[in-house]
Amino acid sequence: METIEQYINRKFGVDSDKFVEVMKMSPGAEGYIHGSLSELLFKDFIESLGFEAYRIKEKPEGGYNAKSDDARGDFYIRKKGNTKDEWYVVENKGIKTNTEKHLFSLDTKDKLFRHLKGLAFPKKDYLKKTYEKGLKTYTKAKEKWEAKNVGRSFPDFRWDKSTPGARAFNLIGYWKDETALRKWVDSLDESKLTTESYLNLEGPIKMLATHAPSNRTAPYTGVKQAAPLVTEFNIMCVDLFQRIGEHKFVFMNPNNISHSPTSPEHLYQNYHIDYIIPGVKDNLNINHPWYEDIEECIKQTKPIPRKIDKSQLDLR
């Protein structure tokens, strides 16, 4: 069997040290490898649970536009033993790697305290306020679109009032009160609040968020946004490796999560799944509409199965 050293030399004409050096200079190449590895590991994972899994072509003959509207994900899956033509389309995504940029402004203890205070001790009506804000944004988009499309109706607003917006995490209860939070923040080393620390995942908090910057045009409204369509797949699978150092998958049904408020046919590009706060919250706390167990996700959210389109299968 060919060794990794032999493979690198044959493919790139360098030794492994030079190859690693180049990889560190090429975030795009690293990202592509992460994506491919995540898909391979997901296939192994889902088959270990007793599912069949068939890879969907990334670019069928004719390019991406030739992809079936019902197969714009990465895999068809169904339980082994199911003889019906009923499959779930799964889209594999990695975690957003530049999420920490959102945290760069938290470069003082006071800023970090104010940030966490709003998450750990939210106002009692924060869910209601989030829903109302989304509805207000939606209403403006609806009125603008319908003014340009007389006689047609904008798609309905479908947010669940219990899980509104892009935020699914829960930091309530990790500090007894604001005094305890303040004490924890004040105990931090100032050097951990730098841009470099956040970039190297050595900052006091780590944000786990999706990364789905796909440009899609809504089939009904014609609205174009840099985010997937709600109907593209049955289940989104996100690999959390680049934030937790372990290939851990979490899942959601796009029909059970808040859509873009300005285009109900689109998802958000980024959903905030959870936070890791070393020493305070070291473990995941995954909440609906996200699930750690794909079978529980299917059971609770009931995605509608699709017929397999064999012309879309990658049989390599």
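Everything that follows concerns the structure shown earlier in this document.
Being a predicted model, the structure only gives us computed values, none of them experimental.

1. Examining the sheet that holds strand β8 (residues 249–252)
Strands sit in the order β1-β2-β3-β7-β8-β12 across an open sheet of six strands; the sheet is mixed. Among the strands making up the open sheet, the edge pair consists of β1 (51–55) and β12 (290–291). Of the strand pairs in this sheet, strand β3 (residues 88–94) and strand β7 (residues 235–239) are connected by five bridges, and their pairing is parallel. If you follow G94 over to β7, its bridge partner there is D239.

2. Considerations on the packing of helix α4 (residues 109–120) against helix α6 (residues 178–186)
Direction vectors running N to C along α4 and α6 enclose 145°, while the axes themselves pass 10 Å from each other. Pair α4 / α6 crosses with right-handed handedness. Here α4 contributes K109, D110, L112, F113, L116 and K117 to the contact with α6, which in turn contributes E178, L181, R182, W184, V185 and D186.

3. Observations concerning the pairing of β8
For a regular strand, side-chain orientation follows a simple rule: the groups alternate between the two sheet faces. In β8, alternate side chains face the same way, and those of F249 and F251 on one face and V250 and M252 on the other are all buried. In the sheet, β7 pairs with β8 via four bridges, with the strands oriented antiparallel. Looking across to β8, one finds that C237 is bridged to F251.

4. Some words on the pattern of salt bridges
Per the stated rule, a full pass over the model turns up 15 salt bridges. With a closest N to O distance of 2.9 Å, D274 and K281 form a salt bridge.

5. A short note on a positive patch on the surface
Positive charge collects at one region of the surface, where K123, K128, K129 and K161 lie side by side. For K161, the position within the fold is in the loop between α5 (126–148) and α6. Overall, the relative accessible area of 58% leaves K161 in the exposed class.

6. Describing a nonpolar patch on the surface
Among the surface-exposed residues, I4, Y7 and F12 lie close enough to one another that they form a single nonpolar patch of about 330 Å² accessible area. Owing to a relative accessible area of 36%, Y7 belongs among the partly exposed residues under this scheme.

7. Describing the nonpolar core
Membership of the largest hydrophobic core comes to 25 residues, with the highest contact counts inside it found for Y76, V238, I273 and W290. Sorting the residues of this core by element identifies β7, β8 and β11 (272–276) as the ones contributing at least two each. Beyond its immediate stretch of four places on either side in the chain, W290 contacts A168, T210, M236, V238, V250, F251, M252, I257, Y271 and I273. Counting 20 residues, the second-largest nonpolar core is a separate cluster that includes F113, L116, L171 and Y275.

8. Some remarks on the environment of M23
Checked against the element boundaries, M23 lands in helix α2 (residues 16–24). Residue M23 is classed as buried on the basis of its relative accessible area of 15%. Ignoring any residue separated from it by four or fewer positions in sequence, one finds M23 in contact with A29, E30 and I33.

9. Topic: unusual backbone geometry
For the bond running from H288 to P289, omega is 15°, close enough to zero to count as cis. You can see P289 is positioned in the loop between β11 and β12. For L201, which is not glycine, the phi dihedral falls at a positive 60°. Taking the relative accessible area as the measure of exposure, L201 reaches 24% and is therefore partly exposed. Despite not being glycine, K302 shows a phi value in the positive range, around 50°. Mapped onto the fold, K302 is located in the segment after α9 (294–301).

Calculation rules
- Residues numbered from 1 in each chain as written.
- Predicted model: local features only at pLDDT ≥ 70, side-chain atom pairs only at ≥ 80, totals over all residues.
- Heavy atoms only, no water.
- Pairing = 2+ DSSP bridges.
- Helix = DSSP H or I, 4+ residues; strand = E, 2+ residues; numbered from the N terminus.
- Axes fitted to C-alpha atoms, helices over the stretch in contact; angles between N-to-C directions.
- Left-handed = near helix turned anticlockwise from the far one by under 90°.
- Contact = heavy atoms within 4.5 Å.
- Buried < 20%, exposed > 50% of the residue type's maximum accessible area, 1.4 Å probe, protein only.
- Salt bridge = Lys/Arg side-chain N within 4 Å of Asp/Glu carboxyl O.
- Patch = residues over 30% accessible without salt bridge, like charges linked within 9 Å, V, L, I, M, F, W, Y side chains within 5 Å.
- Areas by Shrake-Rupley, 256 points an atom, 1.4 Å probe, with all protein chains shown as cover.
- Lys, Arg positive; Asp, Glu negative; His and termini not counted.
- Charge placed at Lys NZ, Arg CZ, Asp CG, Glu CD.
- Core = buried A, V, L, I, M, F, W, Y, C linked by side-chain atoms within 4.5 Å.

Note that all results are geometric; they support no functional claim without further evidence.
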